[in-house]
Amino acid sequence: MTKKVQTPETDILIESKGKVESFFDKFGSKLMWGLVAVTVVAVGIFIWHNMSAKKSLAHEQEAQVKFFEVLNNSNVADNSAESFSVDYATTADSYMAIAKQYEDTAAGNTSYFMAASNYLNANDIANAKAALAKFEKVEGDFGKHINAMALALKGDIAVEEKDYQSAAANFEEALAASQNADIFGQNTYKLALVYEAMGEEAKAQKLYKDAVTKYPELAIKYGKYIKE
């Protein structure tokens, strides 16, 4: 059975700190990574092409082929149907199989991250946490970006568990980890939603304003949330 992707609503109404209007339902597993994250991960696999020291290049290439088979299949499922549906649980299991078989490669390590993201979208919190716990921080310039996405994924999981304090801490750390505009924008939005859910509207507004000041191009997506 497939799970349909739903676009999150653009506004969240907070009546008081103790009353969040269906935050869990609106912004839990539906805070998708989207094409930006997938593209960054895919590019990263190529960047890591010659960086695996534990096993042979042929072993790394074999892992990459399997990784891209799953990635391409999930993209086809995502874009071929009118409902934009994808079987996240099956996709997650496929990434986990790669991760376990090739965990000594960059592609295998990335597969743990991708498995965690898909398990989260399948509402399988336990397996999402287990997969993400296996992901190892990546060194180098690209590592900053995927490490930031892993931190944000921890934040998404915390949101699912309604642990907004932990979610905020994860998103704050993710913002500090990567200065990539697209990733920064995504994490700004997620952290702002958590601040609003906690009744800290002023913090959310400052976050949006600071982000747009830092990256003017983000005003197209996030400027509409700024209240004069």
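Above this text you will find the structure in question.
What you are looking at is a predicted structure, and each value in this text was computed from that prediction instead of being measured.

Visitor: Explanation requested: the overall build of the protein chain in the structure shown.
Guide: Within the protein chain, the secondary structure is distributed over eleven helices and four strands. Expressed as a percentage of the 228 residues in the protein chain, the buried residues total 48%. Within the structure as shown, the protein chain displays about 11500 Å² of accessible surface, and the carbon and sulfur contribution to it stands at 53%.

Visitor: Could you clarify how one ought to interpret the nonpolar core in this entry?
Guide: Soluble, globular proteins show a tendency: their nonpolar side chains are buried together. By size, the foremost hydrophobic cluster in this structure holds 32 residues, and its most contacted members are F67, Y95, F113, Y119, L132 and F135. At the level of elements, α3 (57–80), α4 (88–101), α5 (106–121), α6 (125–134) and α7 (140–160) are the ones that each hand at least two residues to this core. With eight residues, the single largest contributor to this core is α5. Excluding residues that lie within four positions of it along the chain, F135 makes contacts with N109, Y112, F113, I146, N147 and A150. Within the second largest apolar cluster, 29 residues are counted, among which are A174, Y189, V212 and I226.

Visitor: What is the right way to look at α5 in this model?
Guide: Since the α-helix packs 3.6 residues into each turn, any two residues three or four apart lie on the same face. Taking 1.5 Å per residue, 16 residues should reach 22 Å; α5 reaches 23 Å between its end C-alpha atoms and fits that length. Of all 16 residues that make up α5, 16 are buried, and the element is covered over most of its length.

Visitor: Can you help me understand the environment of N187 in this one?
Guide: Locating N187 in the fold gives a position in helix α9 (residues 181–197). Classification of N187 by relative accessible area gives buried; the value is 2%. Distance from N187 to L153, taken between C-alpha atoms, is 9.9 Å for residues 34 residues apart in sequence. With residues up to four places along the chain from it excluded, the contact list for N187 reads A148, A152, F171, A174 and L175.

Visitor: What should I look at first to understand the environment of V86 in this one?
Guide: Here V86 shows up in strand β4 (residues 85–86). The spacing of V86 and N73 is 13 residues in sequence and 9.6 Å in space, taken between C-alpha atoms.

Visitor: Please clarify how the packing of aromatic side chains should be interpreted in this entry.
Guide: Two aromatic rings are characterised by how far apart their centres lie and by the angle between their planes. Using the criterion set out here, one finds seven aromatic pairs in the structure. Ring geometry for Y189 against Y222: centres 5.8 Å apart, planes inclined by 35°, an arrangement best described as tilted. Residue Y189 is found in helix α9, and its partner Y222 is found in helix α11 (residues 219–222); the two are separated by 33 residues along the sequence. Taking the relative accessible area as the measure of exposure, Y222 reaches 10% and is therefore buried. Across the ring face of F184, the terminal group of K214 is positioned such that the distance to the ring centre comes to 6.0 Å.

Visitor: What should I look at first to understand α7 in this one?
Guide: In this model α7 runs 31 Å from its N-terminal to its C-terminal C-alpha over 21 residues, within 8% of the 30 Å that 1.5 Å per residue would give. Burial runs high along α7: 16 of the 21 residues are buried.

Visitor: How should I be thinking about the packing of α5 against α6 in this particular structure?
Guide: A pair of packed helices is characterised by two quantities: the angle between their axes and the separation of those axes. Put simply, α5 and α6 touch, their axes get as near as 8 Å, and they point 165° apart. One finds that α5 runs roughly antiparallel with respect to α6. Considering only the axes of α5 and α6, their crossing is left-handed. Judged by residue contacts, N109, Y112, A115, A116, Y119 and L120 of α5 engage I125, N127, A128, A131, L132 and K134 from α6.

Visitor: Help me out: how do you make sense of the packing of α6 against α7 in this one?
Guide: With their axes 11 Å apart at the nearest point, α6 and α7 run at an angle of 155° to one another. In terms of their interaxial angle, α6 and α7 are classed as roughly antiparallel. As for the relative orientation of α6 and α7, their crossing is left-handed in sense. On α7, the residues touching I125, A128, K129 and L132 of α6 are A150, L153, K154, I157 and E160. Across the contact of α6 with α7, the residue classes break down as six nonpolar, no polar and three charged.

Visitor: Looking at this structure, how should I read unusual backbone geometry?
Guide: Backbone phi values are negative for most residues with the exception of glycine, while trans is the configuration of most peptide bonds. With phi around 65°, N123 is a residue other than glycine that occupies positive phi space. When you line up the elements, N123 lands in the loop between α5 and α6. Judged by its relative accessible area of 43%, N123 falls in the partly exposed class. Positive phi, normally seen in glycine, also occurs at K162, with a value near 60°. Considering the arrangement of structural elements, one finds K162 in the loop between α7 and α8 (164–177). Using a relative accessible area of 54% as the deciding quantity, one classes K162 as exposed.

Quick notes on the rules
Residues numbered from 1 in each chain as written. Predicted model: local features only at pLDDT ≥ 70, side-chain atom pairs only at ≥ 80, totals over all residues. Heavy atoms only, no water. Helix = DSSP H or I, 4+ residues; strand = E, 2+ residues; numbered from the N terminus. Buried < 20%, exposed > 50% of the residue type's maximum accessible area, 1.4 Å probe, protein only. Areas by Shrake-Rupley, 256 points an atom, 1.4 Å probe, with all protein chains shown as cover. Core = buried A, V, L, I, M, F, W, Y, C linked by side-chain atoms within 4.5 Å. Contact = heavy atoms within 4.5 Å. Expected span 1.5 Å × (residues − 1). Phe/Tyr/Trp six-rings, centres within 6.5 Å; stacked < 30°, edge-to-face > 60°. Lys NZ or Arg CZ within 6 Å of the ring centre and 35° of its normal. Axes fitted to C-alpha atoms, helices over the stretch in contact; angles between N-to-C directions. Parallel < 35°, antiparallel > 145°, perpendicular 65-115°, else oblique. Left-handed = near helix turned anticlockwise from the far one by under 90°. Nonpolar A, V, L, I, M, F, W, Y, C, P; charged D, E, K, R; others polar.

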